[in-house]
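Now for the letters of each chain:
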Amino acid sequence: MKVNYRSLFLWTLPMAVAFGFEYFFAAFRNYNIQNFIENIVFLVCILIFISFFKATRLEVAVSKLSYFIFIFCLTIETAFFYLFSTFFSASSIFIVLETNPAEAFEFLDLYVDYTLIMFMGVELLFLLILLFKPYQRLFAKTSKVKSIYKIISLIILILGLKLSVLIIANFPFQVLKGTISYMYEVQKFSDLNLDKPFGSLKEVDFKGDTTPHTFVLIIGESTARKQMGIYDFERQTTPRLTKRKEELLIYRDVISSQAHTIPSLQEALIFKDEETQTESTIVQLMNQAGFKTFWLSNQMPIGIYETLLTKLSKASDKYVYTNTTRWSFVTPFDEVLLPHLDEALKDPATHKFIVIHLLATHSNYGLRYPKEFDVFKTEPSTAFPSEESFKVINEYHNSIFYVDFILDQIIEKTKSKDEKSYVLYFSDHGEEVYVDKNFKGHNDSDIPTKSMYEIPFFVWTSDEFDSSYTFDYDPERLYVLDDLMHSLSDFSQINFLKFDSSKSIFSKDFQPKPRIIGNKIDYDEYFKE
């Protein structure tokens, strides 16, 4: 098979540029070499595929389309590694498909820099050259290699990728795998009755008395425990909560089971009955226990498809979404939820359960707080000093400072009701912000960090609640968020058939278990000091 080496050079040069970019500008390691080998094999597969087409027009179209796909894959996987120091995985597709346009704009503003733009510009230049220069056939038209040999070669190469595990670095494979998995999850949840008032829980019973009860569950976003003043951080990022410290039950070793919102809250807010193969939510539990339920959210309600949380929230008696931003950088601050909380607290229902889902410290951090909360401006302490890290860290701490204000307001408003009440707060997952790694964000597909999983978890209780109910408080309990259903039902004085007190962080029967995170990693073994 005679090859046009000039044309072959144009195919291989973008791959060499991508490899060089990773070597000089990214956190280069053995994975990049494996990915380079995978890219060579992937390119050979593409070139063999093109060789099947002999009709001139069709050959030109297939060749140029294949080149576009190859350049696109190279560019995205290299850009992804440059930004996150990890390979593009199927789980990344979940994040992309659950991201709304406003979040996408914020992501680009936070992460994309001139170095990456330069690389993408070079790759685009290669694409323009091939698309607009006269077509040069890669293989001689007189090639006598039989099609059966080409097919066998393709099969061997693909099997080699699979058996050598190099295929995990293949961008099209991960996109296909992630998209299929995502569609499966969407279909699975569309078949569940998560948006119905009642779930499949049996023998649900509220053990409290008939006096008014108001229970508030606050779900934060991307807030790292170790960067909060209330957890003894060097900067006082939570002065209001620190003043309330004696009123709070502060748990010091709680982690999320996942480092992304949807999978984390899926495991935290949904109870899976393995015996009956049914699923019920925390909202449905409270509905069945006789509470009027409210869901107040400053998160976007829609990704490309209706998200799990949107569906789950619709089981509430009343749900409000304050963030309807579509194609803008501007998203409302979390204080927009406070008037809706006031309305919920005034509701005449005897027993109320109110979920408040904050935007909190979601990136882009600098957009999460009003200018009067821009208080941290000096050089912060970090193992990864740079002008960029200083700026990002200060913005992150300012966003926590604002969350402190919001949490204090919610507690104060609930306290003023003089009812049997609690306010339980946790973050959906943590965030790496130049603490354990030279990185900002929470992509855990390759090298997770403790900061991505360590979350704040604490409770405020009213005097009326304390005088009526007892619980077992041990601030050092090793707890993972996927048992939240048992803990919340226990603290709310609610029982149901499959309730397990050994899984409640508030119970004297609590038994620690292996804390499995992300890709089936034992957290305590992985991060053993």
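Residues numbered from 1 in each chain as written. Predicted model: local features only at pLDDT ≥ 70, side-chain atom pairs only at ≥ 80, totals over all residues. Heavy atoms only, no water.

**Q** Tell me what's going on with the overall build of the chain, and back it up with residues and numbers.
**A** Counting its regular elements, the chain contains 17 helices and 17 strands. Taken over 529 residues, the chain has a buried fraction of 55%. If you take every contact in the chain between residues at least 6 apart in sequence, the share linking residues at least 24 apart comes to 80%. Carbon and sulfur atoms provide 60% of the accessible area of the chain, an area that totals close to 23,600 Å². (Helix = DSSP H or I, 4+ residues; strand = E, 2+ residues; numbered from the N terminus. Buried < 20%, exposed > 50% of the residue type's maximum accessible area, 1.4 Å probe, protein only. Contact = heavy atoms within 4.5 Å. Areas by Shrake-Rupley, 256 points an atom, 1.4 Å probe, with all protein chains shown as cover.)

**Q** Break down the pairing of strand β7 (residues 292–297) for me, citing the residues and quoting the values.
**A** For β7, the tally of buried residues reaches five of six residues, placing the bulk of the element in the interior. Where β7 meets strand β9 (residues 351–357), six bridges bridge the pair, whose relative direction is parallel. Looking at β9, one finds that Trp295 is bridged to Val355. (Pairing = 2+ DSSP bridges.)

**Q** Go over the pattern of salt bridges with me, naming the residues and quoting the values.
**A** A full pass over the atoms with the stated rule returns 27 salt bridges. Ionic contacts of the salt-bridge type, sharing partners, join the residues Arg225, Lys226, Asp436, Lys450 and Glu454 into one network. (Salt bridge = Lys/Arg side-chain N within 4 Å of Asp/Glu carboxyl O.)

**Q** Pulling in residues and values, what's your account of the nonpolar core?
**A** Core analysis: the biggest nonpolar cluster contains 50 residues, and Leu217, Leu269, Phe353, Tyr422, Phe426, Phe457 and Leu484 have the highest contact counts within it. Residues in contact with Phe426, not counting those within four places in the same chain, are Leu217, Ile218, Ile219, Gly220, Leu265, Ile455, Pro456, Phe457, Leu481 and Leu484. Grouped together as the second largest cluster of nonpolar side chains are 43 residues, Leu241, Tyr369, Ile393 and Ile400 included. (Core = buried A, V, L, I, M, F, W, Y, C linked by side-chain atoms within 4.5 Å.)

**Q** Please provide a residue-by-residue account of a nonpolar patch on the surface, values included.
**A** Residues Val145, Ile148, Tyr149, Ile151, Ile152, Ile155, Ile156, Leu159 and Leu163 make up a contiguous nonpolar surface patch of about 870 Å² in total accessible area. Tracing the backbone shows Ile156 in helix α7 (residues 147–163). (Patch = residues over 30% accessible without salt bridge, like charges linked within 9 Å, V, L, I, M, F, W, Y side chains within 5 Å.)

**Q** Can you tell me about the environment of Ile46, naming the residues and giving the values?
**A** Looking at the secondary structure, you find Ile46 in helix α2 (residues 30–50). Taking relative accessible area as the criterion, Ile46 reaches 10% and is therefore assigned buried. Taking the C-alpha atoms as reference points, Ile46 and Ser66, separated by 20 residues in sequence, lie 7.0 Å from one another. Beyond its immediate stretch of four places on either side in the chain, Ile46 contacts Trp11, Ser66 and Phe70.

**Q** Please provide a residue-by-residue account of the sheet that holds strand β8 (residues 318–321), values included.
**A** Reading across the sheet, the seven strands line up as β3-β13-β10-β2-β9-β7-β8 and stay open at both edges, with mixed pairing between neighbours. Each of the sheet's edge strands pairs with one partner strand only, and the pair in question is β3 (248–251) and β8. The average angle at which neighbouring strand axes cross in this sheet is 10°, direction not considered. With eight bridges connecting them, strand β2 (residues 213–220) and strand β10 (residues 420–427) associate as parallel partners. Within β10, the position partnered with Ile218 by the bridge is Tyr425. Contacts between helix α14 (residues 387–415) and the sheet are confined to β2, β3, β9, β10 and β13 (457–461), with β10 contributing the most and set at about 165° to the helix. (Axes fitted to C-alpha atoms, helices over the stretch in contact; angles between N-to-C directions.)

**Q** Now, about the side chain of Arg477: what can you tell me, with residues and values included?
**A** On the secondary structure map, Arg477 appears in the loop between α15 (463–468) and β14 (479–480). Within the structure, Arg477 has its side chain in polar contact with the side chain of Asp472 (distance 2.4 Å). Separated by 2.6 Å, the side chain of Arg477 and the backbone oxygen of Ile505 make a polar contact. Sequence-distant contacts of Arg477, defined by excluding residues within four places in its chain, comprise Asp253, Asp472, Ile505, Phe506, Ser507, Lys508 and Phe510. (Polar contact = N/O pair within 3.5 Å; in protein donor to acceptor, adjacent residues only side chain to side chain.)

**Q** Go over unusual backbone geometry, please, and point to the residues and values.
**A** Apart from glycine, the bulk of residues carry a negative phi angle, and the bulk of peptide bonds sit in the trans form. A cis geometry characterises the amide bond from Ser363 onward to Asn364, with omega recorded as 5°. We note that Ala360 has phi near 50°; this positive angle belongs to a residue other than glycine. Relative to the helices and strands, Ala360 resides in the loop between β9 and α14. The backbone of Asp418 shows a phi angle near 55°, a positive value even though the residue is not glycine. Within the fold, Asp418 resides in the loop between α14 and β10. Asp418 sits in the exposed class, given a relative accessible area of 57%.

**Q** How would you summarise the packing of α2 against α7 if you had to cite specific residues and measurements?
**A** Between α2 and α7, whose axes approach to 10 Å, the crossing angle comes to 160°. As summarised for this structure, α2 and α7 are arranged roughly antiparallel, according to the angle between their axes. As for how α2 packs across α7, the hand of that crossing is left-handed. Contacts between α2 and α7 involve Glu38, Val41, Val44, Cys45 and Ile48 from the former and Lys150, Ser153, Leu154, Leu157, Ile158 and Leu161 from the latter. In terms of residue class, the contact of α2 with α7 is made up of eight nonpolar, one polar and two charged. (Parallel < 35°, antiparallel > 145°, perpendicular 65-115°, else oblique. Left-handed = near helix turned anticlockwise from the far one by under 90°. Nonpolar A, V, L, I, M, F, W, Y, C, P; charged D, E, K, R; others polar.)

**Q** I'd love a proper account of helix α1 (residues 5–25), names of residues and values included.
**A** Its 21 residues place the ends of α1 29 Å apart at the C-alpha level, agreeing with the 30 Å of an ideal helix rising 1.5 Å per residue. Approximately 30° is the largest bend angle found in α1, and it occurs at Thr12, with the proline Pro14 only one to four residues beyond. All of the buried residues in α1 are Ser7, Leu10, Trp11, Pro14, Met15, Ala18, Phe21 and Glu22. (Expected span 1.5 Å × (residues − 1). Bend = angle between axes of the 7 residues up to and from the residue.)

**Q** A description of the environment of Ile516 should follow, citing residues and the corresponding values.
**A** Its place among the elements puts Ile516 in strand β16 (residues 516–517). On the basis of relative accessible area, Ile516 is assigned to the partly exposed category, the value being 37%. Sequence-wise, Ile516 and Ser257 are 259 residues apart; in three dimensions their C-alpha atoms are separated by 6.4 Å. With sequence-adjacent residues up to four places away left out, Ile516 is seen in contact with Ser257, Ile521 and Asp522.

**Q** Describe in detail the packing of α1 against helix α6 (residues 114–132), supporting the description with residues and values.
**A** Contact geometry of α1 with α6 gives a least axis separation of 10 Å together with a crossing angle of 175°. Taken together, the axes of α1 and α6 are roughly antiparallel relative to one another. Along the contact surface, α1 presents Leu10, Leu13, Pro14, Val17, Ala18, Phe21 and Phe25, while α6 presents Thr115, Leu116, Met118, Phe119, Val122, Glu123, Phe126, Ile129 and Leu130. Grouping the constituent residues of the contact of α1 with α6 by class yields 14 nonpolar, one polar and one charged.

**Q** Talk me through the packing of aromatic side chains; I want residue IDs and the actual numbers.
**A** This structure, assessed with the given rule, holds 42 aromatic pairs. The ring of Phe401 has Arg240 sitting right over it, with the charged end atom 5.3 Å from the ring centre. Between the NZ or CZ atom of Lys437 and the centre of the ring of Phe439, over which it lies, the distance is 5.1 Å. (Phe/Tyr/Trp six-rings, centres within 6.5 Å; stacked < 30°, edge-to-face > 60°. Lys NZ or Arg CZ within 6 Å of the ring centre and 35° of its normal.)

**Q** I'd like to hear about the environment of Val283, residue by residue, with values.
**A** Checked against the element boundaries, Val283 lands in helix α11 (residues 282–288). A relative accessible area of 1% places Val283 in the buried class. C-alpha of Val283 to C-alpha of Thr293: the two residues are ten residues apart in sequence and 6.9 Å apart in space. Apart from the residues lying within four places of it in its own chain, the contact partners of Val283 are Thr293, Trp295, Leu312, Ala315 and Ser316.

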